[in-house]
Amino acid sequence: MLLETDSNTDMSGLDFGYSQSKWVAEQLVAGARALGLPCAIYRPSLITVPRSLCGDRNDVAARLLAFMVRHQIAVNTPNQLSLVPVDAIARNLVGLSLRPQAVGATYHLTADRYYSLTHLTRRLSADFGFHFRELSIAGFHL
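Let us look at the structure shown here. Keep in mind that this is a model prediction, so the values were computed, not measured.

## A closer look at the overall build of the protein
At step 1: Along its length, the protein carries five helices and six strands.
At step 2: By principal-axis analysis of the C-alpha atoms, the protein measures approximately 55 × 35 × 25 Å.
At step 3: Out of the 142 residues belonging to the protein, those deemed buried represent 25%.
At step 4: Residue pairs at least 24 apart in sequence account for 72% of intrachain contacts in the protein once pairs closer than 6 positions are excluded.

Written out as structure tokens, the structure reads:
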């Protein structure tokens, strides 16, 4: 669980470029805040297609899901899957940023409930009849 007060100052556990670049950006904002500039930190989860479902064919979440459906494989993992539509993220970010108390604060912009990739694929199976062979993370990498 990551709280808004957590900061991961030593970049622990961030082992790929995307998460590292988010960490660097957050450190720059924290540095500006320490110098007295009015700013806030927003930590969005994975941002995906809008609620209208009209989106980019290159959306990473859509591509991963399409791969899993096409090959009938799923990753059995408890890791949280927090996908939030871009329009919801934008609305919430703007709403928060307009509040006077936003200056100096840190906000998580995530899904309201806990879901995992396993929850998603099992729901797809129940609702739409897709069948998945569940693999461990190590098995999925092979």
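## Some details on the nonpolar core
At step 1: Formed by Val84, Ala88, Ile89, Leu96, Ala102, Ala105, Tyr107 and Leu109, the largest nonpolar core amounts to eight residues.
At step 2: Those elements giving two or more residues to this core turn out to be α3 (86-97) and β5 (106-109).
At step 3: The element that contributes the greatest number of residues to this core is α3, accounting for three residues.
At step 4: Membership of the second largest hydrophobic core comes to seven residues, among which are Met68, Ala74, Leu117 and Leu124.

## Here's the deal with the packing of aromatic side chains
At step 1: In total, this model carries two aromatic pairs according to the counting rule given.
At step 2: Judged by centre distance (5.6 Å) and plane angle (20°), the rings of tyrosine 42 and tyrosine 107 are stacked. Taken together, the positions of tyrosine 42 in strand β1 (residues 41-44) and tyrosine 107 in strand β5 put the pair 65 residues apart, joining distant regions of the chain.
At step 3: Tyrosine 42 gets classed as partly exposed once you look at its relative accessible area, which sits at 23%.

## A look at the side chain of serine 19
At step 1: Inspection of the secondary structure puts serine 19 in helix α1 (residues 17-34).
At step 2: Taking the relative accessible area as the measure of exposure, serine 19 reaches 15% and is therefore buried.
At step 3: Within the structure, the side chain of serine 19 is placed 3.1 Å from the backbone oxygen of phenylalanine 16, a separation counted as a polar contact.

## Quick notes on the environment of isoleucine 73
At step 1: Looking at the element boundaries, isoleucine 73 is found in strand β3 (residues 73-75).
At step 2: For isoleucine 73, a relative accessible area of 11% puts it in the buried group.
At step 3: Taking the C-alpha atoms as reference points, isoleucine 73 and glutamate 134, 61 residues apart in sequence, are found 5.9 Å from one another.
At step 4: Isoleucine 73 has contacts with Phe67, Met68, Phe132, Arg133, Leu135 and Phe140, leaving out every residue within four places of it along the chain.

## Looking at a nonpolar patch on the surface
At step 1: On the surface, Phe16, Tyr18 and Leu46 cluster together to form a nonpolar patch covering roughly 320 Å² of accessible area.
At step 2: The residue tyrosine 18 is located in helix α1 in this model.
At step 3: Since its relative accessible area comes to 47%, tyrosine 18 is described here as partly exposed.

Reading guide: rules and limits
- Residues numbered from 1 in each chain as written.
- Predicted model: local features only at pLDDT ≥ 70, side-chain atom pairs only at ≥ 80, totals over all residues.
- Heavy atoms only, no water.
- Helix = DSSP H or I, 4+ residues; strand = E, 2+ residues; numbered from the N terminus.
- Buried < 20%, exposed > 50% of the residue type's maximum accessible area, 1.4 Å probe, protein only.
- Contact = heavy atoms within 4.5 Å.
- Core = buried A, V, L, I, M, F, W, Y, C linked by side-chain atoms within 4.5 Å.
- Phe/Tyr/Trp six-rings, centres within 6.5 Å; stacked < 30°, edge-to-face > 60°.
- Polar contact = N/O pair within 3.5 Å; in protein donor to acceptor, adjacent residues only side chain to side chain.
- Patch = residues over 30% accessible without salt bridge, like charges linked within 9 Å, V, L, I, M, F, W, Y side chains within 5 Å.
- Areas by Shrake-Rupley, 256 points an atom, 1.4 Å probe, with all protein chains shown as cover.
- Salt bridge = Lys/Arg side-chain N within 4 Å of Asp/Glu carboxyl O.

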